[in-house]
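Inside the fold
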Amino acid sequence: MKLFFRYFFKTVRLILGPFMLAWEFFTLPKGIARTPEDQGRIDAKTSNLVLYQYRTCPFCMKVRRTLARLSLQVEKRDAQHDLVSRAELEQQGGQIKVPCLRITEADGQQRWLYESKAVNDYLQKLVA
Ligand SMILES: N[C@@H](CCC(=O)N[C@@H](CS)C(=O)NCC(=O)O)C(=O)O
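The sections below set out a description of the structure shown in this document. Note that this is a predicted model, so its numbers are computed, not measured. Every chain's residues receive numbers from 1 upward, in the order its sequence appears when written. Thresholds applied to this predicted model are a pLDDT of at least 70 for local features of residues and 80 or more for the giving and counting of side-chain atom pairs; totals over whole chains, interfaces and linings are not thresholded and use all residues. Where side-chain values are given, they derive from all heavy atoms of the structure, hydrogens and water being excluded.

1. Notes on the packing of aromatic side chains
Here the distance between the centres and the angle between the planes together describe a pair of aromatic rings. Stacked, tilted and edge-to-face pairs are distinguished by plane angle, under 30 degrees for stacked and over 60 for edge-to-face with tilted covering the rest, among Phe, Tyr and Trp rings (Trp via its six-membered ring) whose centres lie within 6.5 Å. Within the structure shown, the criterion is met by 7 aromatic pairs. A ring pair is formed by phenylalanine 8 and phenylalanine 9, whose centres lie 5.3 Å apart and whose planes are at 70 degrees; its orientation type is edge-to-face. With relative accessibility at 41%, the residue phenylalanine 8 sits in the partly exposed group. Relative to phenylalanine 59, the ring of phenylalanine 9 has its centre 5.4 Å away and its plane inclined at 75 degrees; by these criteria the two rings are edge-to-face. With phenylalanine 9 in helix H1 (residues 2-27) and phenylalanine 59 in helix H3 (residues 58-69), the pair connects residues that are 50 residues apart, well separated along the chain. On the basis of relative accessibility, which here comes to 26%, the residue phenylalanine 9 falls in the partly exposed class. Its relative accessible area of 34% is what places phenylalanine 59 among the partly exposed residues. Chaining the aromatic ring pairs together yields one cluster made of Phe4, Phe5, Phe8, Phe9 and Phe59. For every residue, the accessible area (1.4 Å probe, protein chains only) is compared with the maximum for its type, and the residue is labelled buried under 20%, exposed over 50%, or partly exposed between those bounds. Secondary structure elements are taken from DSSP: a helix is a run of H or I of four residues or more, a strand is a run of E of two residues or more, and numbering for both begins at the N terminus.

2. A short note on the site of the ligand
For each residue, the test is whether any non-hydrogen atom lies within 4 Å of the molecule or strand; if one does, the residue is near. Taken together, Arg6, Arg13, Tyr54, Cys57, Pro58, Phe59, Ile96, Lys97, Val98, Pro99, Glu115 and Ser116 form the complete shell of residues around the ligand. Nitrogen and oxygen atoms within 3.5 Å of one another constitute a polar contact, given that in protein one can donate a hydrogen and the other can accept it, and given that sequence-neighbouring residues count only through two side-chain atoms. Between tyrosine 54 and the ligand, the recorded distance is 3.2 Å, taken from a side-chain N or O atom to an oxygen atom. Surface accessibility follows the Shrake-Rupley procedure with a 1.4 Å probe radius. Residue values consider only the protein chains on display as shielding. In the complex, the protein chains occlude 85% of the 510 Å² of accessible area that the ligand would expose alone. Of all the elements in the fold, those that place two or more residues in the shell around the ligand are H1 and H3.

Here is the structure:
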């Protein structure tokens, strides 16, 4: 069943990918406008985050829309084509599944947050 879903989403990404990217480009939320000071504070809060993602994964798009809507600057790594990022995700995160948010805590510990809903909830809380 797991393999079925893996190939199902792979096929969806392959066939619909270009259309999904075009749709994302034209419909990306505008984002919150903040003063430079407020944006600086938020940027500091997100500087410890890295999003592992695929360009044409619908779940990653959902997270990228949240990033755009909340005007959050988060480093993104392509876990599909960039083999170093893919290996990091698998070896340190525990599995190849995107989106995954790598959170480096104040003590240097890294937490790997899987599931688009959990990532979106985490991002939403950051700006609350
Ligand atoms: N329920 C998960 C679904 C994530 C998911 O299925 N992602 C696919 C890409 S669209 C994946 O990582 N598949 C593993 C692979 O391609 O190797 C979520 O909402 O984040």
